[in-house]
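What follows is each chain in one-letter form.
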Amino acid sequence: MPELPEVEVTRRGVAPHLIGQQVTQVVLRRAGLRWPFPANLPELLLGQTVLAASRRGKYLLLEFHHGTVLIHLGMSGHLRIIPATTPAQKHDHIDIVVGKQALRMTDPRRFGAVLWHDAEDGDVNQHLLLRALGVEPLEDVFNAELLYKQTRQRKAAIKQVLLAGDIVVGVGNIYASESLFRAKINPKISAHRISLARYRLLAEEIRLTLRAAIEKGGSTLRDFIGVDGQTGYFQQSYFVYDRAGEQCRLCGTTIRQIKQGRRSTFYCINCQK
Ligand code: ZN
(Lines give C-alpha, C1' and ligand atoms only; values in the text may rest on other atoms or scores of the structure.)
Protein backbone atom coordinates (compact mmCIF):
# COMPACT_ATOMS: atom_id res chain seq x y z
CA MET A 1 0.00 0.00 0.00
CA PRO A 2 1.36 3.44 -0.84
CA GLU A 3 2.29 5.24 2.35
CA LEU A 4 3.12 8.90 2.88
CA PRO A 5 6.68 8.73 1.50
CA GLU A 6 5.48 7.13 -1.74
CA VAL A 7 2.79 9.77 -2.14
CA GLU A 8 5.29 12.53 -1.46
CA VAL A 9 7.77 11.07 -3.94
CA THR A 10 4.95 10.77 -6.48
CA ARG A 11 4.05 14.40 -5.89
CA ARG A 12 7.64 15.50 -6.43
CA GLY A 13 7.85 13.33 -9.54
CA VAL A 14 4.73 14.53 -11.30
CA ALA A 15 4.55 18.16 -10.13
CA PRO A 16 7.12 19.67 -12.53
CA HIS A 17 5.22 18.16 -15.48
CA LEU A 18 1.87 19.57 -14.39
CA ILE A 19 2.34 22.94 -12.73
CA GLY A 20 1.64 25.82 -15.11
CA GLN A 21 0.24 23.44 -17.73
CA GLN A 22 -3.24 23.67 -19.21
CA VAL A 23 -5.52 20.63 -19.17
CA THR A 24 -6.37 19.73 -22.77
CA GLN A 25 -8.36 16.55 -22.14
CA VAL A 26 -9.63 14.37 -19.30
CA VAL A 27 -10.23 10.70 -20.05
CA LEU A 28 -12.39 8.71 -17.63
CA ARG A 29 -12.31 5.01 -18.54
CA ARG A 30 -14.74 3.90 -15.87
CA ALA A 31 -17.39 5.50 -13.67
CA GLY A 32 -15.24 5.51 -10.59
CA LEU A 33 -13.01 3.59 -8.21
CA ARG A 34 -13.76 3.52 -4.50
CA TRP A 35 -16.26 6.31 -5.15
CA PRO A 36 -17.70 7.58 -8.44
CA PHE A 37 -15.51 10.01 -10.38
CA PRO A 38 -17.10 13.46 -10.72
CA ALA A 39 -18.84 12.91 -14.08
CA ASN A 40 -18.28 16.53 -15.06
CA LEU A 41 -14.53 16.43 -14.35
CA PRO A 42 -13.68 16.90 -18.06
CA GLU A 43 -15.79 20.08 -18.27
CA LEU A 44 -14.42 21.32 -14.94
CA LEU A 45 -10.78 20.95 -15.93
CA LEU A 46 -10.70 21.56 -19.68
CA GLY A 47 -8.64 24.65 -20.45
CA GLN A 48 -7.76 25.21 -16.79
CA THR A 49 -4.19 25.61 -15.54
CA VAL A 50 -2.67 23.49 -12.79
CA LEU A 51 -1.52 26.00 -10.18
CA ALA A 52 0.05 23.63 -7.65
CA ALA A 53 0.48 19.98 -6.73
CA SER A 54 0.45 19.61 -2.95
CA ARG A 55 -0.16 16.82 -0.47
CA ARG A 56 -2.21 16.41 2.69
CA GLY A 57 -1.67 13.08 4.41
CA LYS A 58 -1.88 10.53 1.61
CA TYR A 59 -4.00 12.78 -0.62
CA LEU A 60 -2.39 14.40 -3.62
CA LEU A 61 -4.03 17.75 -4.33
CA LEU A 62 -4.01 19.27 -7.82
CA GLU A 63 -4.97 22.88 -7.32
CA PHE A 64 -6.84 24.99 -9.86
CA HIS A 65 -8.17 28.51 -9.42
CA HIS A 66 -11.74 27.22 -9.06
CA GLY A 67 -11.13 24.12 -6.99
CA THR A 68 -8.95 21.10 -6.23
CA VAL A 69 -8.70 17.55 -7.55
CA LEU A 70 -8.10 15.14 -4.65
CA ILE A 71 -6.33 11.91 -5.57
CA HIS A 72 -5.88 8.96 -3.23
CA LEU A 73 -3.92 5.91 -4.38
CA GLY A 74 -5.85 3.42 -2.26
CA MET A 75 -4.25 0.00 -1.88
CA SER A 76 -2.48 -0.35 -5.19
CA GLY A 77 -2.75 2.86 -7.15
CA HIS A 78 0.03 4.79 -8.81
CA LEU A 79 0.46 7.83 -10.99
CA ARG A 80 2.78 8.32 -13.91
CA ILE A 81 3.56 10.97 -16.46
CA ILE A 82 3.38 9.41 -19.92
CA PRO A 83 3.21 10.55 -23.53
CA ALA A 84 -0.48 11.35 -24.04
CA THR A 85 -0.73 8.93 -26.97
CA THR A 86 0.30 5.89 -24.87
CA PRO A 87 -2.39 3.17 -25.27
CA ALA A 88 -4.21 2.43 -22.02
CA GLN A 89 -3.79 -0.92 -20.31
CA LYS A 90 -6.42 -2.80 -18.36
CA HIS A 91 -6.01 -1.01 -15.03
CA ASP A 92 -5.45 2.51 -16.37
CA HIS A 93 -8.57 4.37 -15.24
CA ILE A 94 -8.05 8.07 -15.74
CA ASP A 95 -5.83 10.43 -17.73
CA ILE A 96 -5.47 14.13 -17.14
CA VAL A 97 -3.87 15.28 -20.37
CA VAL A 98 -1.72 18.42 -20.47
CA GLY A 99 -0.69 18.84 -24.11
CA LYS A 100 1.75 16.11 -25.18
CA GLN A 101 1.89 14.48 -21.74
CA ALA A 102 -0.68 12.97 -19.44
CA LEU A 103 -0.98 12.14 -15.77
CA ARG A 104 -2.25 8.55 -15.78
CA MET A 105 -3.72 6.77 -12.77
CA THR A 106 -3.40 3.01 -12.66
CA ASP A 107 -5.09 1.04 -9.88
CA PRO A 108 -5.55 -2.75 -10.16
CA ARG A 109 -7.46 -3.12 -6.88
CA ARG A 110 -9.57 0.00 -7.44
CA PHE A 111 -9.59 1.35 -3.87
CA GLY A 112 -8.20 4.66 -5.05
CA ALA A 113 -10.17 7.87 -5.41
CA VAL A 114 -10.35 10.93 -7.62
CA LEU A 115 -12.63 13.67 -6.26
CA TRP A 116 -13.34 17.35 -6.88
CA HIS A 117 -13.57 20.05 -4.23
CA ASP A 118 -15.02 23.27 -5.57
CA ALA A 119 -13.47 26.52 -4.33
CA GLU A 120 -17.00 27.78 -3.65
CA ASP A 121 -17.28 25.16 -0.92
CA GLY A 122 -14.39 26.76 0.97
CA ASP A 123 -10.90 25.67 1.98
CA VAL A 124 -10.02 22.20 0.69
CA ASN A 125 -8.59 21.36 4.12
CA GLN A 126 -12.17 21.42 5.40
CA HIS A 127 -13.14 18.66 2.95
CA LEU A 128 -14.85 15.75 4.70
CA LEU A 129 -11.84 13.49 4.03
CA LEU A 130 -9.21 15.99 5.15
CA ARG A 131 -10.58 17.91 8.09
CA ALA A 132 -10.17 15.16 10.70
CA LEU A 133 -6.60 14.37 9.70
CA GLY A 134 -3.84 14.80 12.27
CA VAL A 135 -0.87 17.08 11.74
CA GLU A 136 1.77 16.51 9.05
CA PRO A 137 4.70 14.52 10.51
CA LEU A 138 7.33 16.52 8.61
CA GLU A 139 6.09 19.89 9.77
CA ASP A 140 7.12 21.64 12.99
CA VAL A 141 3.63 21.33 14.51
CA PHE A 142 4.39 17.63 14.96
CA ASN A 143 6.53 17.19 18.06
CA ALA A 144 6.85 15.30 21.33
CA GLU A 145 4.72 17.79 23.27
CA LEU A 146 1.82 17.22 20.89
CA LEU A 147 2.16 13.43 21.09
CA TYR A 148 2.38 13.57 24.87
CA LYS A 149 -0.54 15.95 25.36
CA GLN A 150 -2.87 14.15 23.00
CA THR A 151 -2.23 10.69 24.45
CA ARG A 152 -2.88 11.35 28.16
CA GLN A 153 -6.34 9.77 27.83
CA ARG A 154 -5.42 7.17 25.19
CA LYS A 155 -5.19 3.67 26.63
CA ALA A 156 -4.77 2.00 23.24
CA ALA A 157 -1.38 0.62 22.24
CA ILE A 158 1.00 3.25 20.86
CA LYS A 159 1.26 1.44 17.50
CA GLN A 160 -2.49 1.69 17.01
CA VAL A 161 -2.62 5.30 18.14
CA LEU A 162 -0.01 6.16 15.51
CA LEU A 163 -1.94 4.28 12.82
CA ALA A 164 -5.23 5.96 13.76
CA GLY A 165 -4.01 9.13 12.03
CA ASP A 166 -5.97 11.60 14.14
CA ILE A 167 -2.88 12.90 15.98
CA VAL A 168 -0.36 12.59 13.17
CA VAL A 169 -0.99 11.46 9.58
CA GLY A 170 1.09 9.26 7.36
CA VAL A 171 2.70 6.99 9.93
CA GLY A 172 1.41 3.79 8.36
CA ASN A 173 2.12 0.20 9.23
CA ILE A 174 5.69 0.06 7.96
CA TYR A 175 6.85 3.36 9.41
CA ALA A 176 5.09 2.87 12.75
CA SER A 177 6.89 -0.46 13.26
CA GLU A 178 10.23 0.98 12.17
CA SER A 179 9.97 4.20 14.20
CA LEU A 180 8.97 2.34 17.37
CA PHE A 181 11.94 0.05 16.95
CA ARG A 182 14.33 2.95 16.45
CA ALA A 183 12.89 4.70 19.52
CA LYS A 184 13.15 1.41 21.46
CA ILE A 185 9.45 1.51 22.42
CA ASN A 186 7.37 -1.66 22.69
CA PRO A 187 4.45 -1.32 20.24
CA LYS A 188 2.04 -2.82 22.78
CA ILE A 189 2.55 -0.14 25.45
CA SER A 190 -0.49 2.02 26.19
CA ALA A 191 0.05 5.46 24.67
CA HIS A 192 -0.81 7.25 27.93
CA ARG A 193 1.99 5.46 29.79
CA ILE A 194 4.78 6.80 27.58
CA SER A 195 6.82 9.69 29.00
CA LEU A 196 7.56 12.98 27.30
CA ALA A 197 11.23 12.01 27.07
CA ARG A 198 10.39 8.84 25.17
CA TYR A 199 7.99 10.75 22.91
CA ARG A 200 10.88 13.08 22.07
CA LEU A 201 12.78 10.10 20.78
CA LEU A 202 9.74 8.73 18.95
CA ALA A 203 8.86 12.02 17.23
CA GLU A 204 12.47 12.32 16.07
CA GLU A 205 12.60 8.75 14.76
CA ILE A 206 9.27 9.13 12.93
CA ARG A 207 10.66 12.17 11.17
CA LEU A 208 13.97 10.50 10.35
CA THR A 209 12.31 7.31 9.12
CA LEU A 210 9.91 9.15 6.81
CA ARG A 211 12.62 11.50 5.53
CA ALA A 212 14.94 8.60 4.76
CA ALA A 213 12.16 6.85 2.83
CA ILE A 214 11.41 9.98 0.82
CA GLU A 215 15.09 10.47 0.02
CA LYS A 216 15.41 6.85 -1.02
CA GLY A 217 12.33 7.23 -3.20
CA GLY A 218 13.75 10.35 -4.76
CA SER A 219 16.36 8.22 -6.47
CA THR A 220 13.56 6.37 -8.27
CA LEU A 221 11.94 9.55 -9.57
CA ARG A 222 12.66 8.74 -13.18
CA ASP A 223 10.43 5.70 -12.82
CA PHE A 224 7.45 8.01 -12.82
CA ILE A 225 8.23 9.04 -16.34
CA GLY A 226 7.82 6.98 -19.47
CA VAL A 227 5.69 4.19 -20.78
CA ASP A 228 7.44 1.38 -18.98
CA GLY A 229 7.72 3.19 -15.68
CA GLN A 230 7.32 0.99 -12.67
CA THR A 231 5.25 1.91 -9.67
CA GLY A 232 7.97 3.89 -7.97
CA TYR A 233 7.41 2.07 -4.68
CA PHE A 234 10.77 1.30 -3.32
CA GLN A 235 12.22 -1.60 -1.46
CA GLN A 236 14.05 -0.60 1.64
CA SER A 237 16.01 -2.45 4.22
CA TYR A 238 13.98 -2.48 7.39
CA PHE A 239 14.98 -3.11 11.00
CA VAL A 240 11.86 -5.09 11.89
CA TYR A 241 9.10 -4.67 9.29
CA ASP A 242 8.37 -7.92 7.45
CA ARG A 243 11.30 -9.65 9.20
CA ALA A 244 9.41 -12.11 11.45
CA GLY A 245 11.67 -15.00 12.47
CA GLU A 246 14.83 -13.19 11.38
CA GLN A 247 17.46 -11.83 13.75
CA CYS A 248 17.33 -8.30 15.14
CA ARG A 249 19.99 -6.26 13.39
CA LEU A 250 21.09 -4.80 16.74
CA CYS A 251 20.93 -7.67 19.23
CA GLY A 252 20.29 -10.88 17.32
CA THR A 253 16.99 -11.68 19.07
CA THR A 254 14.35 -13.23 16.82
CA ILE A 255 11.94 -10.59 15.46
CA ARG A 256 8.35 -11.23 16.50
CA GLN A 257 5.17 -10.69 14.55
CA ILE A 258 1.89 -9.96 16.33
CA LYS A 259 -1.53 -8.68 15.26
CA GLN A 260 -2.74 -5.31 16.50
CA GLY A 261 -6.12 -4.23 15.17
CA ARG A 262 -5.82 -6.81 12.37
CA ARG A 263 -2.54 -5.26 11.21
CA SER A 264 0.79 -7.00 11.59
CA THR A 265 3.32 -5.48 13.96
CA PHE A 266 6.97 -6.51 13.94
CA TYR A 267 9.25 -5.85 16.91
CA CYS A 268 12.18 -7.01 19.01
CA ILE A 269 11.26 -7.93 22.58
CA ASN A 270 14.82 -7.28 23.71
CA CYS A 271 15.37 -3.84 22.17
CA GLN A 272 11.84 -2.49 22.65
CA LYS A 273 10.65 -2.10 26.24
ZN1 ZN B 1 16.93 -6.32 19.23
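These remarks concern the structure in this document. (Residues numbered from 1 in each chain as written. Predicted model: local features only at pLDDT ≥ 70, side-chain atom pairs only at ≥ 80, totals over all residues. Heavy atoms only, no water.)

## Here we look at the packing of aromatic side chains
The relation between two aromatic rings is expressed through the spacing of the ring centres and the mutual angle of the planes. Rules: In this scheme Phe, Tyr and Trp rings, the latter by its six-membered ring, pair at centre separations within 6.5 Å, and the angle between planes marks the pair as stacked below 30 degrees, edge-to-face above 60, and tilted otherwise. Comment: elements are numbered from the N terminus, with helices defined as DSSP H or I runs of at least four residues and strands as E runs of at least two. Exposure classes here rest on a 1.4 Å probe applied to the protein chains alone. A residue is buried below 20% of its type maximum, exposed above 50%, and partly exposed in between. For a lysine, the NZ atom is tested; for an arginine, the CZ atom; a charge sits over a ring if that atom is within 6 Å of the ring centre and within 35 degrees of the ring normal.
The tally for this structure, following the rule as stated, stands at four aromatic pairs. Each ring, one from F64 and one from W116, has its centre 6.4 Å from the other, and the planes form 50°; the classification is tilted. Taken together, the positions of F64 in strand β3 (residues 59-64) and W116 in strand β8 (residues 113-118) put the pair 52 residues apart, joining distant regions of the chain. A residue is classified by how much of its surface remains accessible, and F64, at 5% relative accessible area, is buried. An angle of 25° between the planes, with centres 5.1 Å apart, marks the rings of F181 and F239 as stacked. Linking F181 in helix α5 (residues 173-182) with F239 in the loop between α6 (196-218) and β9 (256-260), this pair joins segments that are 58 residues apart in sequence. By way of ring pairs, the aromatic residues Y238, Y241 and F266 are connected into one cluster. The side chain of R152 reaches across the aromatic face of Y148, ending 3.8 Å from its centre.

## Points about the pattern of salt bridges
Note the cut-off: Counted as salt bridges are all cases of a side-chain nitrogen of Lys or Arg within 4 Å of a carboxyl oxygen of Asp or Glu.
What the rule picks out here adds up to twelve salt bridges. A salt bridge links E8 to R11; the nearest nitrogen and oxygen atoms lie 2.9 Å apart. Of the two residues, E8 and R11 both sit in helix α1 (residues 4-18), three residues apart, roughly one turn of that helix. Residue E8 is classed as buried on the basis of its relative accessible area of 6%. For E136, the salt bridge identified is with R55, shortest N-O distance 2.9 Å. Note that E136 is positioned in the loop between β8 and α3 (144-150) and R55 in strand β2 (residues 52-56), a separation of 81 residues in sequence. Via salt bridges that share partners, E8, R11, R12, R55, R56 and E136 belong to a single interconnected network.

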